[in-house]
Amino acid sequence: MMTMQHVTDELSDYLDGAAESPSAIEAHLSRCSDCRNELADLRQVVQMLGTLPELAPPKNFFIDDLMLARRRRARRNQGVGWIVRSIGAAAAVLMMFAVGGDVAGTFVNGAGGNPSAANALKVDQLKPQSAAAPVSSEAVSSRSAAADTSTPAGNPSGFVESRAFDSLPFRVAEGGALVLLLASGGALYYLRR
Amino acid sequence: MSFDKEVSATSPSQTVPVTLTEEESLILRSQAGELDAFNQLVEKYQSQVYNLARRMLGDPEMAADASQEAFLNAYEHIDRFRGSTLKTWLLRITANACYDLLRVRQRRPTASLDDLMEDPDDPKDFPDKDETPEDAALRRELGGLLVQSLDSLPSDQKLVVVLSDVQGMSYEEIAEVTNSNLGTVKSRLSRARSKLRDWLSDRRELLPREYRS
């Protein structure tokens, strides 16, 4: 015999004639006014939902070749946009590394408070390993010296103007990143028009 | 009109004539890339597709967008249609299109509850030309309240209750549309009905008199 445990969870199935044990539910309903009321409420909800009319579509949803072509083009542009965004993101990361490395280098070099020592180190790094190219070494040295003159004399903070971008690899990275960033920005602008 | 066609059975030793229904024939022709054939299927199912989208989304324009998107997706993937009935397959695609639009709407909520109400001036919302103005007013009042109540449900429960209690589909069909088992359909439907009951009970004074008991 069924106890007075409510059958709330089964009422929805019972309403649709899909309850596993309808006779047990009916036995409970005969004794439980709460569940009878709940069943009546659920029946009313279903009845009300049934009054929602079938609405006429506002237009025909026929498909034509133009729609399909437009969709293919949009999808292609999405693909290109994804590539461009990826390039843009890669360029931005590259740029962050370039700028970050430069700033970090500046502080590391400047922290000793000996600008000339820091510059001398850079010049040493730029010197060719072979002694067969003294001219280029001199050129680098003179450029370094020229840059030294632009630094305010007797800078008390020890902060020196960075020369990390003077080295060729940084220039390539920086320039490349900038070009990629501008190109992807332009392409994105074009695609979103 | 029936459209008969003979196709070969899988056994190479014998050819068995198989009579295709008109719909099966249209599906085969659609799979072969015939747009005209597919558009005949669109004509047949567009009302059910639009009504599901309209009840899921509330907004008529969004529902039209979702319906168009669903048919475009269906045409592009008609070659993958196997086994199940076309109606449930189309409604599953429609439900997915609605979910996509609901996600967009959640990110950029622009529609107010008023936008989701049945439009009293929309002639398409008058299905019965013989009903009296009073009946029409009551129906619209109740309709507006029901649309709001449906909008209070989570999407998965809304889909099941719309398919069952608005579109009158069986548990088996709903299971196909929602790609879930019968137990899941039953429990979602039960929860949805209970929540609607609670929501409407809290607004009993807004219901037409015959539903206030």
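Cut-offs and rules
Residues numbered from 1 in each chain as written. Chains lettered and ligands numbered in written order. Predicted model: local features only at pLDDT ≥ 70, side-chain atom pairs only at ≥ 80, totals over all residues. Heavy atoms only, no water. Helix = DSSP H or I, 4+ residues; strand = E, 2+ residues; numbered from the N terminus. Buried < 20%, exposed > 50% of the residue type's maximum accessible area, 1.4 Å probe, protein only. Contact = heavy atoms within 4.5 Å. Polar contact = N/O pair within 3.5 Å; in protein donor to acceptor, adjacent residues only side chain to side chain. Buried area = accessible area lost by both parts, 1.4 Å probe. Salt bridge = Lys/Arg side-chain N within 4 Å of Asp/Glu carboxyl O. Nonpolar A, V, L, I, M, F, W, Y, C, P; charged D, E, K, R; others polar. Core = buried A, V, L, I, M, F, W, Y, C linked by side-chain atoms within 4.5 Å. Phe/Tyr/Trp six-rings, centres within 6.5 Å; stacked < 30°, edge-to-face > 60°. Arc of directions from axis to C-beta. Patch = residues over 30% accessible without salt bridge, like charges linked within 9 Å, V, L, I, M, F, W, Y side chains within 5 Å. Areas by Shrake-Rupley, 256 points an atom, 1.4 Å probe, with all protein chains shown as cover. Lys, Arg positive; Asp, Glu negative; His and termini not counted. Charge placed at Lys NZ, Arg CZ, Asp CG, Glu CD.

Student: Requested: an account of the overall build of chain B, with residues and values cited.
Tutor: In terms of regular secondary structure, chain B is built from 9 helices and 0 strands. Taken from N to C terminus, the helices and strands of chain B fall in the order α-α-α-α-α-α-α-α-α. Residues counted as buried form 46% of the 213 residues belonging to chain B. For chain B, the share of sequence-separated contacts (at least 6 apart) that also reach a separation of at least 24 residues comes to 58%.

Student: Could you give an account of the side chain of Ser180 of chain B, with specific residues and numbers?
Tutor: All names here are of chain B. Tracing the backbone shows Ser180 in the loop between helix H8 (171–178) and helix H9 (182–201). In this structure the side chain of Ser180 is engaged in a polar contact, spanning 2.7 Å, whose partner is the side chain of Thr178. The residues contacting Ser180, other than those within four sequence positions of it, are Ala175, Val185 and Arg188.

Student: Describe the interface of chain A and chain B, naming the residues involved and giving the relevant values.
Tutor: Each partner contributes residues to the interface: chain A has 35 residues there, and chain B has 46 residues. Interface area, chain A with chain B, both sides summed: about 3,900 Å², of which 60% is carbon and sulfur. Linking chain A to chain B there are 5 salt bridges. Among the salt bridges present, the one from Asp16 of chain A reaches Arg193 of chain B, with a minimum N-O distance of 3.0 Å. Those elements giving two or more residues to the side of chain A that touches chain B turn out to be helix H1 (8–15), helix H3 (33–49) and helix H4 (65–111) of chain A. With 9 residues, H3 of chain A is the single largest residue contributor to the side of chain A that touches chain B. Its residues assigned to classes, the side of chain A that touches chain B comprises 18 nonpolar, 6 polar and 11 charged.

Student: How would you summarise the nonpolar core if you had to cite specific residues and measurements?
Tutor: Phe38 and Leu86 of chain B are the most contacted members of the largest nonpolar core, which totals 66 residues. The dominant element in this core, judged by the number of residues it contributes, is helix H2 (residues 35–57) of chain B, at 12 residues. Residues within four places of Phe38 of chain B in sequence aside, it is in contact with Ile63 of chain A together with Ser30, Phe71, Ala74, Tyr75 and Ile78 of chain B. Counting 10 residues, the second-largest nonpolar core is a separate cluster that includes Leu11, Tyr14, Ala19 and Leu39 of chain A.

Student: Can you tell me about unusual backbone geometry, naming the residues and giving the values?
Tutor: A positive phi angle, close to 55°, is found at Asn179 of chain B, a residue other than glycine. Of note, Asn179 of chain B is situated in the loop between H8 and H9.

Student: Provide a residue-level description of the packing of aromatic side chains, including the pertinent values.
Tutor: Summed over the entire model, instances satisfying the criterion amount to 4 aromatic pairs over all chains. On the basis of an interplanar angle of 25° and a centroid distance of 6.3 Å, the ring pair of Phe61 of chain A and Tyr50 of chain B is categorised as stacked. One end of the pair, Phe61 of chain A, is in the loop between H3 and H4; the other, Tyr50 of chain B, is in helix H2, on a second chain. You'll find Phe61 of chain A and Tyr50 of chain B in the same group, each marked buried. Taken together, a centroid distance of 5.1 Å and an interplanar angle of 65° make the contact between Phe38 of chain B and Tyr75 of chain B edge-to-face. A residue pair is termed long-range when its members are at least 10 positions apart, and Phe38 of chain B in helix H2 and Tyr75 of chain B in helix H3 (residues 60–76) qualify at 37 residues. No difference in accessibility class separates Phe38 of chain B from Tyr75 of chain B, as the two residues are buried. Counting every residue linked through ring pairs, the aromatic cluster contains Phe61 of chain A together with Tyr50 and Phe71 of chain B.

Student: So what about the environment of Ala98 of chain A? Which residues, and what values?
Tutor: Position of Ala98 of chain A relative to the elements: it lies in helix H4. On the basis of relative accessibility, which here comes to 4%, the residue Ala98 of chain A falls in the buried class.

Student: Explain helix H2 (residues 22–31) of chain A residue by residue, including any values.
Tutor: Residue and element names in this part refer to chain A. The complete set of buried residues in H2 reads Ile25, His28 and Leu29. With its buried residues spanning 100° around the axis, H2 presents them on a single face. Of the exposed residues in H2, the ones pointing more than 90 degrees away from its buried face are Ser23 and Ser30. Each element contacted by the buried residues of H2 is listed here: H1 and H3.

Student: Summarise a positive patch on the surface; cite the residues concerned and give the values.
Tutor: Residues and elements named next belong to chain A. A contiguous patch of positive charge, built from Arg70, Arg72, Arg73 and Arg76, is present on the exposed surface. Along the chain, the position of Arg73 falls in helix H4. A residue is classified by how much of its surface remains accessible, and Arg73, at 47% relative accessible area, is partly exposed.

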